[in-house]
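Residue strings, one per chain:
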Amino acid sequence: MEDTVGLHYDRKVRATLCCGISPGSKPYGGANVINGISRAEDWPNIWISDPGNGFPQDLTLHWDSPRNISKIMLTFDTDLCAPDRCFGWPREAYRFPFPVPECVKDYRILSRKGENWEELISIESNYHRRRVHRLEIPVQTEELRVEILSTHGSESARIYEVRVY
């Protein structure tokens, strides 16, 4: 007698499964950059801008009262989980595209002074995952904006973490 019980496990499902979730999930929202986790774990933990809006894209942090800021730390997406980012031997066989398209290339950091925004930092040709900016003169502000001007190819700006001290 032929065993047919296991046959259906080897077949691929050939259907489009649809479901609705209410309220809608927003896994790439701005709140992810301040949750203290700088990589994907149980949740994406990343802010990704809308690719349909083009550049510049910005992310603004707001406090209820003015804060003195002397250091700003940013963690960008460099797609560390991609299989082609693995290292091995010989190195020539394990080269990966560099800089990665997802990484933020050009950006500015601004603080709000009254009704005006003042540029604190302007960076061009970034390719680092982690950037630490120490301000020579601390600023007092209620809002801080990270404005992404371009990436190395991605249509979305991607930031894992913003820390302000």
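Here goes a summary of the coordinates provided. (Residues numbered from 1 in each chain as written. Predicted model: local features only at pLDDT ≥ 70, side-chain atom pairs only at ≥ 80, totals over all residues. Heavy atoms only, no water.)

**Quick look at the overall build of the chain**
- Looking only at helices and strands, one finds zero helices and six strands in the chain.
- Counting helices and strands in the order they occur from the N terminus, the chain gives β-β-β-β-β-β.
- Considering only residue pairs separated by 6 or more positions, the chain has 73% of its internal contacts joining residues 24 or more positions apart. (Helix = DSSP H or I, 4+ residues; strand = E, 2+ residues; numbered from the N terminus. Contact = heavy atoms within 4.5 Å.)

**Examining the packing of aromatic side chains**
- For the structure shown, the criterion picks out one aromatic pair.
- Its end group placed over the ring of Y165, K71 keeps NZ or CZ at 5.3 Å from the ring centre. (Phe/Tyr/Trp six-rings, centres within 6.5 Å; stacked < 30°, edge-to-face > 60°. Lys NZ or Arg CZ within 6 Å of the ring centre and 35° of its normal.)

**Points about the sheet that holds strand 1 (residues 47–48)**
- Read across the sheet, six strands follow the order 1-6-2-5-3-4 without closing on themselves; strand pairing throughout is antiparallel. In this open sheet, the two edge strands, each paired with only one partner strand, are strand 1 and strand 4 (116–123).
- Note that strand 3 (residues 104–113) and strand 4 share seven bridges and pair antiparallel. Its bridge partner being in strand 4, R112 is matched across the sheet by W117. (Pairing = 2+ DSSP bridges.)

**Looking at the side chain of D106**
- When you line up the elements, D106 lands in strand 3.
- A polar side-chain atom of D106 sits 2.8 Å from the main-chain amide nitrogen of S125.
- With residues up to four places along the chain from it excluded, the contact list for D106 reads I123, E124, S125, E147, I148, L149 and S150. (Polar contact = N/O pair within 3.5 Å; in protein donor to acceptor, adjacent residues only side chain to side chain.)

**Focus: the pairing of strand 6 (residues 158–164)**
- In terms of strand pairing, strand 1 meets strand 6 through two bridges, oriented antiparallel. Pairing of W47 across the sheet is with I159, part of strand 6.
- Sheet topology note: the strand 2 (residues 57–76)/strand 6 ladder contains five bridges and is antiparallel. Residue pairing across strands places I72 opposite V164, the latter belonging to strand 6.

**Things to note about the pattern of salt bridges**
- Counting across every chain of the model gives eight salt bridges.
- Of the charged contacts, one joins R108 and E119 as a salt bridge, the two residues approaching to 2.9 Å between their closest N and O atoms. Of the two residues, R108 is situated in strand 3 and E119 in strand 4; the sequence distance between them amounts to 11 residues.
- Its relative accessible area of 23% is what places R108 among the partly exposed residues.
- Residue E142 pairs with R112 through a salt bridge whose shortest N-O separation is 3.5 Å. Of this pair, E142 sits in strand 5 (residues 130–151) while R112 is found in strand 3, placing the two residues 30 residues apart along the sequence.
- Salt bridges sharing common partners tie together R108, E119 and E147. (Salt bridge = Lys/Arg side-chain N within 4 Å of Asp/Glu carboxyl O. Buried < 20%, exposed > 50% of the residue type's maximum accessible area, 1.4 Å probe, protein only.)

**A word on the environment of V139**
- As for its placement among the helices and strands, V139 is situated in strand 5.
- The spacing of V139 and I69 is 70 residues in sequence and 5.3 Å in space, taken between C-alpha atoms.
- Each residue touching V139, except ones within four places of it in the same chain, is listed here: R67, N68, I69, S111, K113 and L120.

**Comments concerning the environment of S150**
- Assignment of secondary structure puts S150 in strand 5.
- Each C-alpha atom of the pair S150 and F55 lies 6.4 Å from the other, and the pair is 95 residues apart in sequence.
- In this structure, S150 is in contact with F55, V104, K105 and D106, ignoring residues within four places of it in sequence.
- Separated by 2.8 Å, the side chains of S150 and D106 make a polar contact.

The analysis is restricted to geometry; functional conclusions fall outside its scope.
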